[in-house]
Amino acid sequence: MDKLVNNLKEALKAAGIKDGATLSFHHHMRNGDYVLNMTLAAAAELGVKDLTVNASAIFPVHAPLIDLIKQGVVTSLECNYMSGPVGEAISQGILDKPVIFRTHGGRPADIASGQFPIDIAVIAAPAADKMGNISGKFGPSQCGSLGYAFADAEFADQVIAVTDHLMPYPLVEYSIPETQVNYVVQVDKIGDPKGIVSGTTKITRDPIGLLMAQYATQVIEASPYYQDGMSFQTGAGGASLATAAFLKDRMLERGIKGSYGMGGITSYLVDMLEAGCFESLVDVQCFDLGAVESIRTNPKHREVSALHYAAPRPAVASSLVDNLDFVILGATEMDKNFNVNVHTNSQGVIMGGSGGHSDTAAGAKLAMIIAPLTRARMPLILDQVTCLSTPGETIDILVTQYGIAVNPRREDLIQALSASKLPLRSIEDLQKTAEDLVGKPKPLPHGDKVVGQVRYRTGEIISEIYQLN
């Protein structure tokens, strides 16, 4: 007995694909993913229409979605993050229905609750056996953690594993068990593992970025949470990674040993684990190949589901973000109330998404934004953000090259940082500095059509994105 089928079309037919079905995909292959495109091409060949695509993220490699939308094969999109040509096309109004944007914690919570059911989950499996035991840690397309696919595998009506590396049964070191998988398809390649390294995953060499990283490290050291047992998450941007490198040195100098680092894991956090800065890493997604190697070989580097990572109560009793001390995040825009936009750029074009941004900001004791005060002659701080991604009441500190603003509601942090030599300023003062440098921007014109709905981690719609004029 086995679950092997000859190709994706046979697997989709066996799984009962029909007009109006919802298909889900995970994004651990990032901009190297081939599986979403090949699956939807197979669906189009079967003549299926009106599909909903629920993907944890959409990348430039997924540009073929645009033609499938025009053909009516795909008529609805749900994701946590979107960049590249698809985001640009959605911003122009190509899709009749608004894209539903969730968070990395909100998506699995909605799947688990049955509010947004999945008919067929298609899982890019770097390694699998004939019965559907799946791992991301082996094979030519290894991507490490498969944390975003766990909820899809557990709660979808039908599950198809697509692999380019069939291993002998049983694949003992599985991430997803055969009990959750209905069909297995072997293909030549599920993706390009080099595409995992999407965007900036190297420490910045820019003096401005390095200055902001130094400020951020000093903020952490001056805070009341810098102590043994601290937990930490940072993103994969250049300044954020520089902060991790600086923090590693400071922790080693002071003898501070943290409990866990988490989130999307890079080689820099792996270095901190191996140096003894943390007891463990908890990993929902590997951001580079060094992290992939670590999760395969180091038992202190643990794979976790997106539910465990960031789902809100009552979907789970607790999640890792609930015990997070520090998180370092980015922003395309902020406003005077510390609200943050990470969905659109300064022209209103969709180029990102919350991902774990608002999940970690809600849970962390100190949520810090690192961002330059101006970009391309546009100020970071506006009177009101174009799109609300993360509410300001969950953001504690803004770090720029021109100074540091603390949310006035955090009087404890203001008091703690006032004893340091850090350049503290009000956010209104930073806004004025930015406008003195590049001018005050005019409000963006937009049409009346809503092209995106931003759902907060607990499910409510907190913002809408409008079609560009």
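Structure's up top.
These numbers were taken from a predicted model, which means no experiment stands behind them.

Thresholds, definitions, all that
- All residue numbers refer to positions counted from 1 along the written sequence of the respective chain.
- Reporting of local features is limited, given that this is a predicted model, to residues whose pLDDT is at least 70; pairs of side-chain atoms are given and counted only at 80 or more, and all residues count toward the totals for whole chains, interfaces and linings.
- Calculation of side-chain values draws on the structure's entire complement of heavy atoms; hydrogens and water are dropped beforehand.
- Helix and strand assignments come from DSSP, with helices taken as H or I runs of at least 4 residues and strands as E runs of at least 2, each series counted from the N terminus.
- When we talk radius of gyration, it's over C-alpha atoms, and the globule rule is simply 2.2 Å times the number of residues to the 0.38.
- A simple rule labels every residue: compare its accessible area, found with a 1.4 Å probe on the protein chains alone, to the largest value its type can have, and call it buried under 20%, exposed over 50%, or partly exposed in between.
- Contacts were defined at the residue level, with two residues in contact if any of their heavy atoms lie within 4.5 Å.
- Here, Shrake-Rupley sampling with a 1.4 Å probe gives the accessible areas, and only protein chains in the shown set may cover a residue.
- To define a nonpolar core, start from buried Ala, Val, Leu, Ile, Met, Phe, Trp, Tyr and Cys residues and group those joined through side-chain atoms within 4.5 Å.
- At least two bridges found by DSSP between two strands is the condition for calling them paired.
- Note on definitions: angles span 0 to 180 degrees between N-to-C directions of axes, and those axes are lines fitted to C-alpha atoms, for helices only across the stretch in contact.
- Salt bridges are counted wherever a side-chain nitrogen of Lys or Arg sits within 4 Å of a carboxyl oxygen of Asp or Glu.
- Space inside and on the surface of the protein is sampled on a 1 Å grid over the protein atoms alone, with a cavity defined as a set of points where a 1.4 Å probe fits but cannot get out and a pocket as an open set with protein on both sides within 12 Å along at least 5 of 7 lines; lining residues have an atom within 4 Å of a point.
- Grid points are joined across faces, edges and corners, and a volume is the space filled by probe spheres set on the points.
- Classification used: nonpolar for Ala, Val, Leu, Ile, Met, Phe, Trp, Tyr, Cys and Pro, charged for Asp, Glu, Lys and Arg, polar for all others including Gly.
- Each angle gets one of four labels, with under 35 degrees taken as roughly parallel, over 145 as roughly antiparallel, 65 to 115 as roughly perpendicular, and the rest as oblique.
- Crossings are assigned a handedness: left-handed for a near helix turned anticlockwise from the far helix by less than a right angle, right-handed for a clockwise turn.

1. A closer look at the overall build of the chain
When its secondary structure is counted, the chain shows 14 helices and 25 strands. Relative to the 2.2 N^0.38 estimate, which gives 23 Å for 469 residues, the radius of gyration of the chain is 22 Å and therefore close to what a compact globule would have. When the backbone C-alpha atoms are referred to their principal axes, the chain occupies close to 70 × 55 × 40 Å. Across the 469 residues that make up the chain, the buried fraction comes to 61%. Look at the contacts in the chain between residues 6 or more apart in sequence, and 71% of them connect residues 24 or more apart. Put simply, the chain shows about 17,600 Å² of open surface, and 49% of that area lies on carbon and sulfur atoms.

2. Some words on the nonpolar core
Counting 48 residues, the largest nonpolar core has L40, L77, M82, I90 and I160 as the members making the most contacts within it. The element that contributes the greatest number of residues to this core is helix 2 (residues 35-45), accounting for five residues. Each residue touching L40, except ones within four places of it in the same chain, is listed here: L23, F25, L51, V53, L65, L68 and V74. With 38 residues, the next largest nonpolar core counts I220, M251, I265 and F278 among its residues.

3. Quick look at the sheet that holds strand 9 (residues 158-163)
The mixed open sheet is built from ten strands, whose spatial order is 1-10-9-6-2-3-4-5-24-25. Strands with a single pairing partner mark the edges of an open sheet, and in this sheet they are strand 1 (4-5) and strand 25 (461-468). For strand 1 and strand 10 (residues 183-186), the ladder comprises two bridges, and the chain directions are parallel. Bridge pairing links V5 to V185 in strand 10. Against the sheet, helix 2 engages strand 2 (22-25), strand 3 (51-55), strand 4 (74-79), strand 6 (120-125) and strand 9, with an angle of about 160 degrees to strand 2.

4. Focus on the pattern of salt bridges
Using the criterion set out here, one finds 19 salt bridges in the structure. Here D383 and K336 are joined by a salt bridge, their closest N and O atoms 3.6 Å apart. With D383 in the loop between strand 21 (381-382) and strand 22 (397-400) and K336 in the loop between strand 16 (333-335) and strand 17 (340-341), the pair connects residues that are 47 residues apart, well separated along the chain. Judged by its relative accessible area of 41%, D383 is partly exposed. Residues participating in the shared-partner salt-bridge network are K336, D383, E435 and K440.

5. Things to note about the layout of surface pockets
The calculated volume of the second largest pocket comes to roughly 490 Å³. Looking at the second largest pocket, it is lined by 26 residues, and the ones nearest its centre are L382, Q384, T386, P443 and L444. Of all the secondary structure elements, the ones that give two or more residues to the lining of the second largest pocket are strand 20 (378-379), helix 14 (427-438) and strand 25. The dominant element in the lining of the second largest pocket, judged by the number of residues it contributes, is strand 25, at four residues. Here the lining of the second largest pocket is composed, by residue class, of twelve nonpolar, eight polar and six charged.

6. Concerning empty space enclosed by the protein
Applying the stated criterion across every chain, the model contains one cavity of 30 Å³ or more. Considering only residue class, the lining of the largest cavity consists of four nonpolar, three polar and one charged.

7. Things to note about the packing of helix 7 (residues 207-222) against helix 8 (residues 238-254)
Packed helices, taken two at a time, are described by the angle their axes make and the gap between the axes. Two elements in contact, helix 7 and helix 8, have axes separated by 8 Å at closest approach and are oriented at 45 degrees. When the axis of helix 7 is compared with that of helix 8, the two are oblique. As helix 7 packs across helix 8, the resulting crossing turns out to be right-handed. In this structure, helix 7 uses G209, L210, A213, Q214, A216, T217, I220 and E221 to contact helix 8, whose residues at the interface are A239, A242, T243, F246, L247 and R250. For the contact of helix 7 with helix 8, the per-class residue count stands at eight nonpolar, four polar and two charged.

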